[in-house]
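# Descriptive analysis of the structure
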Amino acid sequence: QEAISCMSADMLSHAIRMAEDTGMVYLDELKKAKQALVDISSQREVLKTLQTVLSRCDSVPHLLAHTDTLDQLVVSATALGLGGEFSVQDTVLRCQRIKRLINIRNDIRNAVELCSISKMHAAIQARNALVPLYGVDLCAEEVDAVKNMMRMFSLNSVVLNEVWW
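Here the structure is a predicted model, which is why all the values come from computation and not from measurement.

### A few points about the overall build of the protein chain
- Regarding its fold elements, the protein chain presents nine helices and zero strands.
- Counting across all 165 residues of the protein chain, residues that qualify as buried make up 32%.
- Element-wise, carbon and sulfur atoms account for 56% of the exposed surface of the protein chain, whose accessible area totals about 10,700 Å².

### Quick word on the nonpolar core
- Among the nonpolar cores identified, the biggest contains 31 residues, and Leu64, Leu70 and Ile108 are the most heavily contacted of them.
- Within the residue set of this core, elements represented by two or more residues are helix H3 (28-56), helix H4 (60-65), helix H5 (67-79), helix H6 (86-97), helix H7 (99-114), helix H8 (117-134) and helix H9 (140-164).
- The element that contributes the greatest number of residues to this core is H7, accounting for six residues.
- Those residues in contact with Leu64, other than ones at most four positions away along the chain, are Ile98, Leu101, Ile102, Arg105, Leu138 and Cys139.

### A short note on the packing of H7 against H8
- In contact at an axis separation of 9 Å, H7 and H8 are set at 150° when each is read in the N-to-C sense. If you check the angle between H7 and H8, you find them roughly antiparallel. The two elements H7 and H8 meet at a crossing, and its hand is left-handed. Contacts from Arg100, Leu101, Ile104, Asp107, Ile108, Ala111, Val112 and Leu114 in H7 reach Lys119, Met120, Ala123, Ile124, Ala126, Arg127, Leu130 and Tyr134 in H8.
- Of the residues belonging to the contact of H7 with H8, the class tally is twelve nonpolar, no polar and four charged.

### Considerations on H8
- In a regular helix each residue adds 1.5 Å, so 18 residues correspond to 26 Å; H8 covers 24 Å between its end C-alpha atoms and thus fits that length.
- Along H8, the positions that sit buried rather than exposed are Met120, Ala123, Ile124, Arg127, Leu130 and Val131.
- Gly135 occupies a position one or two residues after H8 and carries a positive phi of about 100°.

Rules and cut-offs
Residues numbered from 1 in each chain as written. Predicted model: local features only at pLDDT ≥ 70, side-chain atom pairs only at ≥ 80, totals over all residues. Heavy atoms only, no water. Helix = DSSP H or I, 4+ residues; strand = E, 2+ residues; numbered from the N terminus. Buried < 20%, exposed > 50% of the residue type's maximum accessible area, 1.4 Å probe, protein only. Areas by Shrake-Rupley, 256 points an atom, 1.4 Å probe, with all protein chains shown as cover. Core = buried A, V, L, I, M, F, W, Y, C linked by side-chain atoms within 4.5 Å. Contact = heavy atoms within 4.5 Å. Axes fitted to C-alpha atoms, helices over the stretch in contact; angles between N-to-C directions. Parallel < 35°, antiparallel > 145°, perpendicular 65-115°, else oblique. Left-handed = near helix turned anticlockwise from the far one by under 90°. Nonpolar A, V, L, I, M, F, W, Y, C, P; charged D, E, K, R; others polar. Expected span 1.5 Å × (residues − 1).

Such coordinate-based values are descriptive only and should not be taken to indicate function.
In structure tokens:
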């Protein structure tokens with residue numbers, strides 16, 4: 001019971017081993033202790049993963065490229081009761097600071113999904129205006145997607161010209 005109230009992984013592991021060694025596997029406290037240990041492990045894993053991903057974000061373009069993953073980790077951490085942790089709050093703040101860039105990135109993604117040449121062009125122009133400030137890595141994955149879509153459009157017109165003429 002004491003190990004559960006302290007939420008210490010070491011104490012919980014020790015208490016679980018003691019209970020199992022003495023044959024007290026039927027106790028409700030043992031089940032609670034095992035669940036508490038799983039919860040602690042989950043919390044540690046989410047925070048560790050969040051910190052690892054965040055450490056890779058050494059520039060604004062890299063942060064932007066990882067915002068989807070970071071958002072998922074923040075949701076997971078918050079669900080585990082870790083919303084007040086420094087790394088979670090730091091992640092939220094960093095992502096809020098680049099909200100405009102996230103919107104531009106999402107506009108590019110949306111344009112590609114819609115296969116809209118005019119929307120892709122407008123979204124890429126908005127991105128290109130910020131390249132002098134943030135560098136060519138800004139929305140690099142999305143730029144590649146636009147280039148691939150444009151290549152597909154050009155191949156489509158070649159195929160149509162060969163079929164119809």
